[in-house]
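One-letter residues, chain by chain:
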Amino acid sequence: MSAGDYWMANLRLIAGCLSVWFAVSFGCGLLLVDRLNQFALGGFKLGFWFAQQGSIYVFVLVLIYYAWRMKRLDAEYLSRRVGE
Amino acid sequence: MTEDSELRWLTLLVVGASFAVYIGIAIWSRVRTTGEFYIAGKSVHPVANGMATAADWMSAASFISMAGLIAFLGYDGSVYLMGWTGGYVLLALLLAPYLRRFGKFTVPEFIGERYASKAASAVAVICLIMVSFTYIAGQMRGVGIVFSRFLELEIGQGLVIGMGVVFLYAVLGGMRGITYTQVAQYCVLIFAYTVPAVFISLQVTGIAIPQVAFGANLLDGSATLLARLDAVVQDLGFASYTEGSRSRIDLFFITAALMIGTAGLPHVLVRFFTVRKVSDARSSAVWALIFIAILYTTAPAVAALARYNLTETIQPGPIGHPEGNMVYEERPGWFRRWEDTGLLQFEDKNKDGRVQYYNDGNAEFNEQATEYGWQGNELSVDRDIIVLANPEIAQLPAWVIALVAAGGIAAALSTAAGLLLVISAAVSHDLIKRQFRPDLSERGELLAGRLSAAVAILLAGYLGFNPPGFVAQVVAFAFGLAAASLFPPIVMGIFSERMNKQGAVSGMLVGLLFTSAYIVAFRGIGGISPFFADTSENWLFGISPEGIGVIGMLLNFATAISVSSFTSKPPEEVVELVERIRAPGADEA
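Small disclaimer: the values here were computed from a predicted structure and weren't measured.

## Re the overall build of chain B
If you tally the helices and strands in chain B, you get 23 helices and two strands. Computed over C-alpha atoms, the radius of gyration of chain B comes to 25 Å, within 12% of the 25 Å expected from 2.2 N^0.38 for 589 residues, which places it in the range of a compact globule. For chain B, the spread of C-alpha atoms along the three principal axes comes to 80 × 55 × 45 Å. Across the 589 residues of chain B, 57% fall into the buried class. In chain B, once contacts between residues fewer than 6 apart in sequence are set aside, the share between residues at least 24 apart is 81%.

## Overview of helix α8 (residues 155-205) of chain B
All names here are of chain B. For α8, with 51 residues, the first-to-last C-alpha span of 37 Å runs short of the 75 Å given by 1.5 Å per residue. Of all the bends found along α8, the most pronounced is centred on Gly 173 and spans about 130°. Where α8 ends, the next residue or the one after it, Gly 206, has phi of about 80°, a positive value.

## Quick look at the interface of chain A and chain B
Taken together, the contact between chain A and chain B spans 34 residues of the former and 38 residues of the latter. Of all elements in the fold, only α1 (3-31), β2 (44-45) and α3 (46-83) of chain A reach the threshold of two or more residues within the side of chain A that touches chain B. Along the lines of polarity and charge, the residues of the side of chain A that touches chain B split into 24 nonpolar, seven polar and three charged.

## Looking at the packing of α1(A) against helix α11 (residues 248-263) of chain B
At their nearest, the axes of α1(A) and α11(B) sit 11 Å apart, and the two run at 155° to each other. Between α1(A) and α11(B), the interaxial angle falls into the category roughly antiparallel. Of the two possible hands of crossing, α1(A) and α11(B) adopt the one that is right-handed. For the pair α1(A) and α11(B), contact is made by Ser25(A), Phe26(A), Leu30(A) and Leu31(A) and by Arg248(B), Leu251(B), Phe252(B) and Thr255(B), respectively. Of the residues contributing to the contact of α1(A) with α11(B), the split by class is five nonpolar, two polar and one charged.

## Let's talk about the environment of Arg282(B)
Tracing the sequence through the fold places Arg282(B) in helix α13 (residues 278-314). When the 25 C-beta atoms within 10 Å are taken as the criterion, Arg282(B) is described as buried. Sequence separation between Arg282(B) and Tyr115(B) is 167 residues, and the spatial gap between their C-alpha atoms is 25 Å. Setting aside residues up to four positions removed in sequence, Arg282(B) forms contacts with Ala67(A), Met70(A) and Pro97(B).

Conventions and cut-offs
- Residues numbered from 1 in each chain as written.
- Chains lettered and ligands numbered in written order.
- Predicted model: local features only at pLDDT ≥ 70, side-chain atom pairs only at ≥ 80, totals over all residues.
- Helix = DSSP H or I, 4+ residues; strand = E, 2+ residues; numbered from the N terminus.
- Rg over C-alpha atoms; globule rule 2.2 N^0.38 Å.
- Buried ≥ 20, exposed ≤ 12 C-beta atoms within 10 Å, placed from the backbone.
- Contact = placed C-beta atoms within 7 Å.
- Expected span 1.5 Å × (residues − 1).
- Bend = angle between axes of the 7 residues up to and from the residue.
- Nonpolar A, V, L, I, M, F, W, Y, C, P; charged D, E, K, R; others polar.
- Axes fitted to C-alpha atoms, helices over the stretch in contact; angles between N-to-C directions.
- Parallel < 35°, antiparallel > 145°, perpendicular 65-115°, else oblique.
- Left-handed = near helix turned anticlockwise from the far one by under 90°.

Set out below in structure tokens:
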């Protein structure tokens, strides 16, 4: 894997993580909130739940996924370079 | 012993014990080199760094003010929850790993080397110092409020004690001392925040986990907490709790400004310089967000529970019934104690000896209120007391109240210390060593770092004691300014090889000038009065001054990209620097 390939894979991963980040906060928590509020999640209106709880839980999951994938990507990149 | 003096002694005991721990850590971890002083010798474990980052990140504003803000704003308060945690995601994805791989001491140093320009570094130092001082003044104020309420000291005395403690561990221990005290402070503050939340959740809903109780049924089974809260606050003329009242477009931009602004906060960025390697920076970012999320998902539950408790206390009977409201002479102890601080004020406008708390700004409801014989809202509640008074409102034991006091102080001190260190590093490393005295010895620089930390503490204490009138306004705008000035040059420095110093500097200036001009135009500053009325009809695209930093940031990006496209490419060594921070080096295997 070249440094260029590594960088492109890194950018794709960041783009994916940021789309989820945007979708739960700006999407579900703000832009779609009135529509989602018509549904209930337990005692919460769904949109309100995303804005005050759900988005934060998803943020944590996004970072866990990112750290895990980057660790694998680093290992792959470094092992190929050692092999060169 | 009376109830009040028992509380006072317990608080002294708990706060004193926490201070003893912080000072003990300072002595144990005192430093001898600049590397240890600035970045703890890059030897901090990722989990410890995660806790320290969380304590650094969560200021007196998060601990003391945020739940109070949300309690009164309802859904609109979500901007703080999503803004401050979402900004952390941006920081972890776009900035932290690359700054760690860069491997030096400070953010201005990165900007200076990436753009091969002392001027760019100097502009960054100025932005950093301005943002940091406005922040610190707020932290010191928080320490003062806690001391004056719980220990009945003058705010000034409280400040001196707080400054003394920070001085000891920041000046002696540098980054290493700060890191390990922040770990202890995180433990104190999260315990202090969640214990009362659990008790109150149990009292109101019978469920111990605040995040679940938030959406649960009330104990009497009549309705869910949120449904009841919505009904009660609307019956008193306030906006619906779960739907709020601000325009969505404005909320969108405020959230974005908070996110991007917090991502550029230098005292948090520098925490990632302290771990051993880049993968540790990523995993400590995960830990930090988990530690932050514990408080940030509890806060909105505390907000809803506190608003419910407050309303039920003031309005125990049916609205409009002559005996529906609390009798002032029978007010509970906490009400009396907070009245003494001036943060809770009652004025019996209709002379019925009872407290009416409602929205007299709502014309429609006002008519109805007049029929009840109400003559205006009689209670003013400072939002900051919601968290601090919450355990008292819920009649929790005195030791819980004492714990909350220690937690508030821990939150304020940990953030203040982080900011002080960033200021002292900017002065001793970026200004003295790199701009004026490159021949300064290691010992000389360490001394300069300690001295500038000491001066910064004195200045911060002064600002906390004598907040200039505009500090409260400026704090809210510090995020917008950080978003418009610091965030773009760091991001482009990593993600664009083509970005050069002309682009970065002109972008920073455009972003900073546009944002500050817009804020001054609507809010004024110092002696200058606003040029336009601060109403949504006058705002550009309906965006309030709090959210305008996002437009400033977009202008910054646009200017930087166009200016750099017709000026020369950055020099070879800069291109090499960018390539080096993008991919792992052999030392990371």
